[in-house]
Each structure stands twice: as C-alpha cells, then as structure tokens.
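Listed below are the residues making up each chain.
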Amino acid sequence: APAAPAMPPAEALARTRTETERKEKLIQNSLLDQRKKVRAEAERLALYESELKKLNVKEAADVADLRYQLEEAQRDLVWLEKDFQTKEKAYTAAKAAYENAQGRKRELHENMCLLVLSSEKRKEEKLNELMQRMEANEGSSPTDDELLG
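None of these values were measured; they are calculated from a predicted model. (Residues numbered from 1 in each chain as written. Predicted model: local features only at pLDDT ≥ 70, side-chain atom pairs only at ≥ 80, totals over all residues. Heavy atoms only, no water.)

J.: Can you lay out the overall build of the protein for me, pointing to particular residues and giving the numbers?
T.: Within the protein one finds two helices and zero strands. In the protein, buried positions account for 1% of the 149 residues. With the model as given, the accessible surface of the protein reaches about 14,100 Å², and the carbon-plus-sulfur share is 59%. (Helix = DSSP H or I, 4+ residues; strand = E, 2+ residues; numbered from the N terminus. Buried < 20%, exposed > 50% of the residue type's maximum accessible area, 1.4 Å probe, protein only. Areas by Shrake-Rupley, 256 points an atom, 1.4 Å probe, with all protein chains shown as cover.)

Printed below as a string of structure tokens:
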C-alpha cells in the first residue's frame with residue numbers, strides 16, 4: 001500500500017494548534033466545572049459550620065440560663081431554710097406556751113372543783129348539825145347563837 005501523502009508542515013502546524021486549543025478548552029472547562037463543584041462544596045461546608053456554631057451558641061445560652069436558675073433556686077432554698085428554722089422555733093415555743101396554759105387551766109379547774117367540793121361538804125356538815133339540833137330541840141326555840149353555830 002502506498003504511503004499516505006505527507007501533509008504540508010503549515011497544515012500540520014495548523015491542525016496541531018487546533019487540536020491543542022481544543023484540548024486546552026476541554027481542560028479549562030473541566031477545571032471550571034471542578035472549581036464550581038469545589039465552591040459549592042465549600043459553601044455547603046460553610047453552611048454546616050454556621051449551623052453548628054448556632055447550635056453551640058444556643059446550647060451555651062441554654063446552659064447559662066439554667067445555671068442562673070439553679071443559682072436562684074439555691075438562694076431561695078437558703079432563705080427558705082432559715083425562714084423555716086425561725087418559724088419552727090416560734091412554733092415550738094408557741095406550742096410549749098399553749099401546753100403550759102392548758103396545764104395551768106386544768107390545775108385551776110381541779111382546784112376550783114376541790115374548793116367547791118370542800119365548801120359543799122362543810123355546808124352539808126353544817127346542815128346535818130343544824131338538823132340534829134332542830135330535832136333535839138323540837139319543843140324549844142333555838143337561840144340565834146345556836147343557829148349560827
């Protein structure tokens with residue numbers, strides 16, 4: 001087979017340049033596409049980082065808020081414990097005073113009952129004595145001194 005006729009150098013140069021330019025464009029387009037993909041990935045990663053920072057900031061704020069509430073609750077507990085102890089002492093003192101007053105009233109009531117009983121016994125004795133004298137002196141009138149004893 002006869003060899004293909006050789007191409008003139010100017011045409012070979014033009015064809016080589018065209019092929020080189022086509023390959024350069026393909027590579028540039030490929031690089032451009034890859035840069036777009038890298039940029040899109042970088043934006044996506046930046047968005048994720050931003051969301052993560054927001055979560056961390058929110059978590060830190062929530063923790064700070066709860067820490068403040070805990071400190072406030074502790075202050076309330078300290079005050080309430082002191083208040084409770086003060087009121088408990090007052091209650092104990094009031095209860096003791098109440099029980100003492102109850103005991104005193106009971107004693108006074110018993111003393112009054114004993115006094116009334118004693119008075120009633122003396123009265124009964126006096127009435128019995130008077131009745132005996134009246135029976136003994138049925139015919140005669142007693143003097144005032146005898147009646148009054």
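Now that the structure is up, let's keep going.
J.: I'd like a description of the pattern of salt bridges, backed by residues and values.
T.: It is possible for side chains of opposite charge to pair when their charged atoms get near one another. This model, assessed by the stated rule, comprises five salt bridges. Taking the shortest distance from any N to any O, the salt bridge between K58 and D62 comes out at 3.1 Å. Taken together, the positions of K58 and D62, both in helix α1 (residues 9-136) and four residues apart, correspond to about one turn of that helix. A residue is classified by how much of its surface remains accessible, and K58, at 49% relative accessible area, is partly exposed. (Salt bridge = Lys/Arg side-chain N within 4 Å of Asp/Glu carboxyl O.)

J.: How would you summarise a nonpolar patch on the surface if you had to cite specific residues and measurements?
T.: Taken together, the side chains of L45, L47 and Y48 present a nonpolar region at the surface, about 290 Å² in accessible area. Classification of L47 by relative accessible area gives partly exposed; the value is 47%. (Patch = residues over 30% accessible without salt bridge, like charges linked within 9 Å, V, L, I, M, F, W, Y side chains within 5 Å.)

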